[in-house]
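Summary of structural features
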Amino acid sequence: MSLKGKVAIVTGASSGIGKAIAEKLSAEGCKVALASRSLEKLAEIKKKLPTESFIAGMDVSSTASVNGAFEKIRKEYNKIDILINCAGVMPLTYLKNRHLEEWLQTIEVNVKGTLRCIHEVLPSMKAQKGGHIINIASVDGKEIFEGGAVYGASKAAVIELSRAMRMELSPEFNIRITSIEPGTVETDLREDINDEELLEEKDYGGDESKLKPENIADAVFYALTQPASVNVNELLIKPTGKS
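The text that follows walks through the structure, step by step, so that each part is easy to find. Note that this is a predicted model, so its numbers are computed, not measured.

Topic: the pattern of salt bridges
With the rule as written, the count across this model stands at 16 salt bridges. The partner of Lys24 in a salt bridge is Glu28, and the shortest N-O contact between them spans 3.6 Å. Taking the relative accessible area as the measure of exposure, Lys24 reaches 21% and is therefore partly exposed. Looking at Glu28, the relative accessible area reads 31%, which means it is partly exposed. In this structure, Glu234 and Arg163 form a salt bridge, with 3.6 Å as the shortest nitrogen-oxygen distance. Of this pair, Glu234 sits in strand S7 (residues 234-237) while Arg163 sits in helix H5 (residues 149-173); the two residues are 71 residues apart in sequence, bridging distant segments of the chain. The exposure class assigned to Glu234 is partly exposed, which follows from its relative accessible area of 27%. By relative accessible area, Arg163 is classed as partly exposed at 32%.

Considering a negative patch on the surface
On the surface, Glu146, Glu196, Glu200 and Glu201 cluster together to form a negatively charged patch. Considering the arrangement of structural elements, one finds Glu196 in helix H6 (residues 196-201). Assessed through its relative accessible area of 52%, Glu196 is described here as exposed.

Describing the packing of aromatic side chains
Per the stated rule, a full pass over the model turns up one aromatic pair. Arranged with centres 6.3 Å apart and planes meeting at 80°, the rings of Phe54 and Tyr77 form a pair that is edge-to-face. Pair noted here: Phe54 is in strand S3 (residues 53-57) and Tyr77 is in helix H3 (residues 63-77), with a separation of 23 residues, a long-range link. Since its relative accessible area comes to 17%, Phe54 is described here as buried. Among the residues examined, Tyr77 registers a relative accessible area of 8% and is labelled buried. Above the face of the Phe221 ring, Lys24 is positioned so that its terminal group lies 4.7 Å from the ring centre. Between Lys96 and the ring centre of Tyr94, over which it is positioned, the NZ or CZ distance is 5.3 Å.

Thoughts on the nonpolar core
Note that soluble globular proteins tend to have their nonpolar side chains buried in a common cluster. Within the largest apolar cluster, 32 residues are counted, with the highest numbers of intra-cluster contacts made by Ile21, Leu25, Ile84, Ile136 and Ile180. Here the element with the most residues in this core is helix H7 (residues 213-224); it accounts for six residues. Counting residues in each nonpolar core, the second largest holds 29 residues, with Tyr77, Cys117, Met165 and Phe173 among its members.

Calculation rules
Counting of residues starts from 1 at the beginning of each chain's written sequence and follows it residue by residue. Residues qualify for local features only when their pLDDT is at least 70, as the model is predicted, and side-chain atom pairs are given and counted only at 80 or more; totals for whole chains, interfaces and linings, by contrast, use all residues. With hydrogens and water stripped out, all remaining heavy atoms of the structure feed into the side-chain values. Just to be clear on terms, a salt bridge is a Lys or Arg side-chain nitrogen sitting within 4 Å of an Asp or Glu carboxyl oxygen. To sort residues, take the accessible area from a 1.4 Å probe on protein chains only and compare it with the maximum for the residue type: under 20% means buried, over 50% means exposed, and anything in between is partly exposed. Only runs of H or I of at least four residues qualify as helices and only runs of E of at least two qualify as strands under DSSP, and these elements are numbered from the N terminus. Patches here are clusters of residues that have more than 30% relative accessible area and form no salt bridge, with a 9 Å joining cutoff for like charges and a 5 Å cutoff for nonpolar side chains (Val, Leu, Ile, Met, Phe, Trp, Tyr). All accessible areas in this document rest on Shrake-Rupley with a 1.4 Å probe, and a residue is counted as covered only by the protein chains that are shown. The charge count treats Lys and Arg as positive and Asp and Glu as negative. His and the chain ends do not count. Lysine's charge is taken at NZ, arginine's at CZ, aspartate's at CG and glutamate's at CD. Classification of ring pairs uses Phe, Tyr and Trp, with its six-membered ring standing for Trp, and accepts pairs whose centres are within 6.5 Å; under 30 degrees between planes counts as stacked, over 60 as edge-to-face, and the remaining range as tilted. Charge over a ring is defined by NZ of Lys or CZ of Arg lying within 6 Å of the ring centre and within 35 degrees of the ring normal. For this analysis, a nonpolar core means a set of buried residues of the types Ala, Val, Leu, Ile, Met, Phe, Trp, Tyr and Cys, connected via side-chain atoms within 4.5 Å.

Next comes the structure, spelled out in structure tokens:
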């Protein structure tokens, strides 16, 4: 399936995986709405994209912000073919150290932010009887570890949400849903970690195998370009050398 001329929204588009996805989709002919709080970074990315693009300031932790951004995108393009839910945070903590505000922010962004964007995109996709929603989850939603309780729970929620979305939205509205579950990726997400004990005990440097953001963008492209009769339900991706 060709992506030429399709309209795609990418949340978290200012860096890391979201930036790589936006660049890949533009290179393949999509019109891309770049959504993030970091407007200066989006402006720099927009300059380098080969296709038409649009900047939408969006804080996925705010319902009003998401509503306003989607309203602007709909006015600009009159349709939305693809939604990539990529905005996320990863402030890993040990439960015993009681980082309540970070736990709540993780759910606010990773789960509620995803729901806010789905809520906004559904009317247009239902009306056009088609579309594709890709939720960027994580292997941590399936393989839990000490320090990853809340982050893992947020990504498990996204995986289960994706399954339910396929049940409800695909048969009646022809909306395809994909959950992409990366292992460790070379991004700045770990800079969110403030739990000093966890940072002292975990080794996040050295020779750890990591995926590149472009690897996840390639997975997104694969899912999007399958024939209309094919739904790629889940893609679990890990660096070579990790089980």
